[in-house]
Amino acid sequence: MPDRPEIVCICGSTRFADEMNAANRDLTLAGVIVVAPGVFPGAADEPITDEQKSALGALHLRKIDLADRVLVVNPGGYIGESTSREIAYAHATGKPISYTDPA
């Protein structure tokens with residue numbers, strides 16, 4: 001048995017905030033430590049700048065570094081540009097990757 005709970009990083013388009021929150025809840029209730037996007041552009045009243053978006057993208061790669069594995073939330077099989085970059089990064093760093101929708 002591991003000394004600590006598994007750490008999972010949730011990746012996916014921020015347009016799927018509700019689905020990410022559901023995955024976060026399910027994993028947390030299963031005893032998993034979850035790292036996930038903390039800002040959902042478009043869902044908030046305040047838009048974020050390109051500089052902030054870039055910084056958040058870099059921060060998310062550090063979250064992948066902390067994780068034991070990555071869960072991609074991809075309803076309908078949708079994977080956008082940022083998520084593709086995160087998947088490539090996770091793959092390059094040897095993190096196991098799973099998907100909510102294998103389509």
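One structure accompanies this document, and this report is about it. Per chain, the residues get numbers from 1 upward, laid out in the order the sequence is written. Totals for whole chains, interfaces and linings use every residue, but because this is a predicted model, local features are given only for residues with pLDDT of at least 70 and side-chain atom pairs only at 80 or more, for both listing and counting. The side-chain values count all of the structure's non-hydrogen atoms but skip hydrogen atoms and water molecules.

Moving on: the side chain of T83. By definition, any uninterrupted DSSP run of H or I lasting at least four residues is a helix, any uninterrupted run of E lasting at least two residues is a strand, and each is numbered from the N terminus. Looking at where T83 falls in the secondary structure, it is placed in helix α3 (residues 81–92). Three labels apply to residues, based on accessible area from a 1.4 Å probe with only protein chains included: buried if under 20% of the type maximum, exposed if over 50%, partly exposed otherwise in between. Take T83: its relative accessible area is 3%, and that puts it in the buried class. Should any heavy atoms of two residues lie within 4.5 Å, those residues are counted as being in contact. The contact partners of T83, leaving out residues within four places of it in the chain, are G12, S13 and V72.

Looking now at the pairing of strand β3 (residues 69–73). Counting buried positions along β3 gives four out of five residues, so the element sits mostly inside the fold. Should DSSP find at least two bridges between two strands, the strands are regarded as paired. Relative to β3, strand β1 (residues 7–12) runs parallel, the two being bridged by five bridges. Within β3, the position partnered with V8 by the bridge is R69. Both β3 and strand β4 (residues 97–99) contribute to a ladder of three bridges, which runs parallel. Directly across from L71, in β4, lies its bridge partner S98. For the handedness criterion, the β-α-β arrangement of β3, α3 and β4 is classed as right-handed. The crossover handedness rule: strands pointing away from the viewer, path from first strand over the helix to second strand clockwise, crossover right-handed.

This next bit is on the pattern of salt bridges. When a carboxyl oxygen of Asp or Glu is within 4 Å of a side-chain nitrogen of Lys or Arg, the pair counts as a salt bridge. Evaluated as defined, the whole model comprises three salt bridges. For R4, the salt bridge is made with D68, and the minimal N-O distance between the two is 2.8 Å. With R4 in the segment before β1 and D68 in the loop between α2 (50–66) and β3, this pair connects stretches of sequence that are 64 residues apart. The class for D68 is partly exposed, based on a relative accessible area of 30%. A salt bridge links R69 to E6, with the nearest nitrogen and oxygen atoms 2.7 Å apart. Of this pair, R69 sits in strand β3 while E6 sits in the segment before β1; the two residues are 63 residues apart in sequence, bridging distant segments of the chain. Given a relative accessible area of 22%, R69 falls into the partly exposed group.

Our next topic: the packing of α2 against α3. Relative to each other, α2 and α3 sit at 35°, their axes nearing to 10 Å. Relative to α3, the crossing made by α2 is right-handed. Of α3, the residues touching α2 (which contributes H60, L61, R62, I64 and D65) are E86, Y89 and A90. For the contact of α2 with α3, the residue count by class is four nonpolar, one polar and three charged. Interaxial angle, 0 to 180 degrees, is taken between N-to-C directions of lines fitted to C-alpha atoms, where a helix line uses only the stretch in contact. By definition, any crossing whose near helix is turned counterclockwise from its far helix by less than a right angle is left-handed, and any crossing with a clockwise turn is right-handed. In the scheme used here, Gly and all other residues not listed as nonpolar or charged are polar, with Ala, Val, Leu, Ile, Met, Phe, Trp, Tyr, Cys and Pro taken as nonpolar and Asp, Glu, Lys and Arg as charged.

Next up on the list: the packing of aromatic side chains. The criterion for an aromatic pair is that two Phe, Tyr or Trp rings (for Trp, the six-membered ring) have centres within 6.5 Å, with stacked assigned to planes under 30 degrees apart, edge-to-face to planes over 60 apart and tilted to the rest. Enumeration according to the criterion identifies one aromatic pair in this entry. A centroid spacing of 6.0 Å and a plane angle of 75° characterise the contact between F16 and Y78, whose relative ring orientation is edge-to-face. One end of the pair, F16, is in the loop between β1 and α1 (17–29); the other, Y78, is in the loop between β3 and α3, and 62 residues separate them in sequence. On the basis of relative accessible area, Y78 is assigned to the partly exposed category, the value being 34%. Placement of a charge over a ring requires the Lys NZ or Arg CZ to be within 6 Å of the ring centre, with the centre-to-atom vector within 35 degrees of the ring normal. Its guanidinium or amino end placed over the ring of Y78, R15 lies 4.4 Å from that ring's centre, counting from NZ or CZ.

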